[in-house]
Every structure is written in structure tokens, then in C-alpha cells.
Amino acid sequence: MVCLFYSANSQQFKLTTGYSLGLPRQDLNNNIQPVHSMQTGLLYQFPGELKRLSVGLDIGIGMYAHQTIDQTFQFDNNTSAVLPVDYSSNTFNANIQARFKCISDKYFIIPYINAKGGLYNFYSSIYIGDPDDDDGCRALEQENIMNDKTMYWSAGGGLQINPTIFSKNKHNSRLMIDISANTIQGGEISYINTKHLMDAPATSDPDGKPLNVRFINASTQSIHKHKVAQVYTSPLKMLEFKAGITFMICDRQK
């Protein structure tokens, strides 16, 4: 990719950026909310007879849960405490992509098809508040308690729209509106259930496995575990809808 980008005399680079909505499908849809992401990438357009073809890189950072609920923890001395538990679940993805325009750049609306392949990462942090009792139990683990990743591929299509089509003065533009829809398929990935959060220590689900966090008793210094969430494993399946812009940052093909 580096040799391709920097050794050619004719170079055309485009910056892509925008918002992505990922709708979980099948088992994944039962356990997590939609994924909201910001995506950015770089495309290289081939010169000459291959000018309809572009290749590049794309990365995104997203979130599918950020919520605080009160949970009841039962301790060894037959006492209990209600503590606030803050859940934050996020995603990261990186891929290489190829895009083929169905018609030439001279048109104001250009349909295209694209394919991607890369890495998808789900990770979660949980922050558990301290009890009002100074001698009570405190969590020893607070951040990045769940982290898993899988390879994935994506395919779909979209439209590049010249914004001057909506004005009287129509002309070529470096800036293009970019909308697309893609299907995402990947391997199995583990994550915490954030779609129906509830008092985790008092509930159980045979389809998931408990996620336990270590606590320490401030008075006795004994360490024990309490359940704070359910962990599920499902194939990565989503529908992705993107809306953004494509901006030509370098054009040496003219």
C-alpha cells in the first residue's frame, strides 16, 4: 500500500469521514443496543483506465452503551449495600477497503459498490461506586474488564452526491456527500449484555456467563467476588448505515 501510494506520479487522495449507525442482527440484537460510531479514512484512486477503482484504509470509534444503575451486593457478614454501577461499552474497528464507481466522475450522483475486511473490537469498562460505610467492601477492578475482538468482512454500496446539484451554479466539487449501506459479518465475539441491564447479583441467564469483579473488605482485608454483569458470545452480524463526506485532498491526475 505504501509503495502504491507514494511511488506513482499520478496521485489522487480522498479523505472520508462521517457517522455510522450499526444495527445488530440475530443473537447480537438480543443483547446490545445499536452501535453509534465516527468513521474516518483515506482513499487512493487509481489513474488511467482504473480510475473508477479506489483502495484505502478506514477506522472507527463507537459506543453502544453508557448507563448507570443501582445494584444490590450481599456481603459475607450478612449485610448488603446498594452501589451505583456505571457501564460504558465501546467499539473500535479498522479495515482495508476497495471501492468501485459504477459511472464516471463527470456525473453529479455516482453510485458505487465497496468491500472491506478488517478487525472489530468490543470493550467495556465498569465503575463501581464506594459504599457509604468506610468499613464496607470496595471494588478492586474498575476499568477494561471486558475486551474481545474478531476479524470481519463487509460489503455494500452507496452514493456520492455533488452538493452543487442542489444549487443553480452546478460545477465539479472537491467535496462530495457520501451515503452508504453495508452488511457486516464476522467471527464470534464476547461482550456484556447492555440491552436489558438489571440488578446483576440477583439475576442469572443460562445463555450467558457471569462477569465477576473482585472486592476487598476494608476492615478484614479479605478479597471476594461479586457478579456485575452477564457475558454473551455471538457471531458479529450487523447492518451498517453511513452518512458523511468525501473530500479530495490531493489531485495530481489532472
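In case you missed it, the structure is sitting above this.
The text that follows walks through the structure, step by step, so that each part is easy to find. Predicted model, so just to flag it, every value in this text is computed and none were measured.

What follows is about the nonpolar core. Ranked by internal contacts, the top residues of the largest apolar core, which has 19 residues, are Ile126, Ile128, Ile192, Leu211, Phe215 and Val228. Elements that contribute at least two residues to this core include exactly strand 3 (53–74), strand 4 (80–101), strand 5 (109–128), strand 6 (137–139), strand 9 (209–217) and strand 10 (223–251). Looking at this core, the element that brings in the most residues is strand 4, giving four residues. Ignoring anything within four residues of it in the chain, the contact list for Leu211 reads Ile126, Ile145, Ile192, His226, Lys227, Val228, Ala229 and Val231. Counting residues in each nonpolar core, the second largest holds 14 residues, with Val35, Tyr120, Phe122 and Tyr191 among its members.

Bringing the pattern of salt bridges into the picture now. The full count for this structure, using the stated rule, is three salt bridges. Put simply, Lys242 and Asp58 hold a salt bridge, and the shortest N to O gap is 3.9 Å. In this pair, Lys242 is assigned in strand 10 and Asp58 in strand 3, connecting sequence segments 184 residues apart. One exposure class covers both Lys242 and Asp58, and it is buried. Its salt-bridge partner being Asp178, residue Arg99 comes within 3.0 Å of it at the nearest N-O pair. Pair noted here: Arg99 is in strand 4 and Asp178 is in strand 8 (residues 175–192), with a separation of 79 residues, a long-range link.

Under the definition given, this model contains six aromatic pairs. Here the aromatic rings of Tyr120 and Tyr152 are separated by 5.2 Å at their centres, their planes lie at 70 degrees, and the arrangement is edge-to-face. Placement of the pair is Tyr120 in strand 5 and Tyr152 in strand 7 (residues 146–161), with a sequence separation of 32 residues. Taken together, the ring pairs in this structure connect Tyr64, Tyr120, Phe122, Tyr152 and Tyr191 into an aromatic cluster. Positioned above the aromatic ring of Tyr112, the side-chain terminus of Arg99 is 4.1 Å from the ring centre.

Moving on, we get to unusual backbone geometry. Even without being glycine, Gln26 reaches a positive phi, approximately 55 degrees. One can find Gln26 in the loop between strand 1 (12–24) and strand 2 (35–45).

Two strands pair when backbone bridges link them, and strand 2 and strand 3 are joined in this way by ten bridges, in the antiparallel orientation. When the sheet's bridge partners are listed, Leu42 is paired in strand 3 with Leu57. When strand 3 meets strand 4, the two strands line up antiparallel, connected through 21 bridges. If you follow Leu57 over to strand 4, its bridge partner there is Ile96.

Turning our attention to the side chain of Thr150. Mapped onto the elements, Thr150 comes out in strand 7. You can call Thr150 buried: its relative accessible area is 8%. At a separation of 3.1 Å, a polar atom in the side chain of Thr150 contacts the main-chain amide nitrogen of Gly187.

Another point: the environment of Phe122. In this fold, Phe122 is placed in strand 5. Through-space distance from the C-alpha of Phe122 to that of Tyr64 is 9.5 Å; in sequence the pair is 58 residues apart. Every residue in contact with Phe122, bar those within four places of it in the chain, is listed here: Ile32, Tyr64, Asn90, Thr91, Met146, Asn147, Asp148, Ile189, Ser190, Tyr191 and Leu236.

Let us now look at the side chain of Asp178. According to the relative accessible area criterion, Asp178 is buried, its value standing at 9%. A distance of 3.0 Å separates the side chain of Asp178 from the side chain of Arg99, its partner in a polar contact. In this structure the side chain of Asp178 is engaged in a polar contact, spanning 2.9 Å, whose partner is the side chain of Thr246. Look past the residues within four positions of Asp178 in its chain and what remains in contact with it is Arg99, Tyr112, Leu159, Gln160, Lys242, Ala243, Gly244, Ile245 and Thr246.

Each value, and the rule that gives it
Residues numbered from 1 in each chain as written. Predicted model: local features only at pLDDT ≥ 70, side-chain atom pairs only at ≥ 80, totals over all residues. Heavy atoms only, no water. Core = buried A, V, L, I, M, F, W, Y, C linked by side-chain atoms within 4.5 Å. Buried < 20%, exposed > 50% of the residue type's maximum accessible area, 1.4 Å probe, protein only. Helix = DSSP H or I, 4+ residues; strand = E, 2+ residues; numbered from the N terminus. Contact = heavy atoms within 4.5 Å. Salt bridge = Lys/Arg side-chain N within 4 Å of Asp/Glu carboxyl O. Phe/Tyr/Trp six-rings, centres within 6.5 Å; stacked < 30°, edge-to-face > 60°. Lys NZ or Arg CZ within 6 Å of the ring centre and 35° of its normal. Pairing = 2+ DSSP bridges. Polar contact = N/O pair within 3.5 Å; in protein donor to acceptor, adjacent residues only side chain to side chain.

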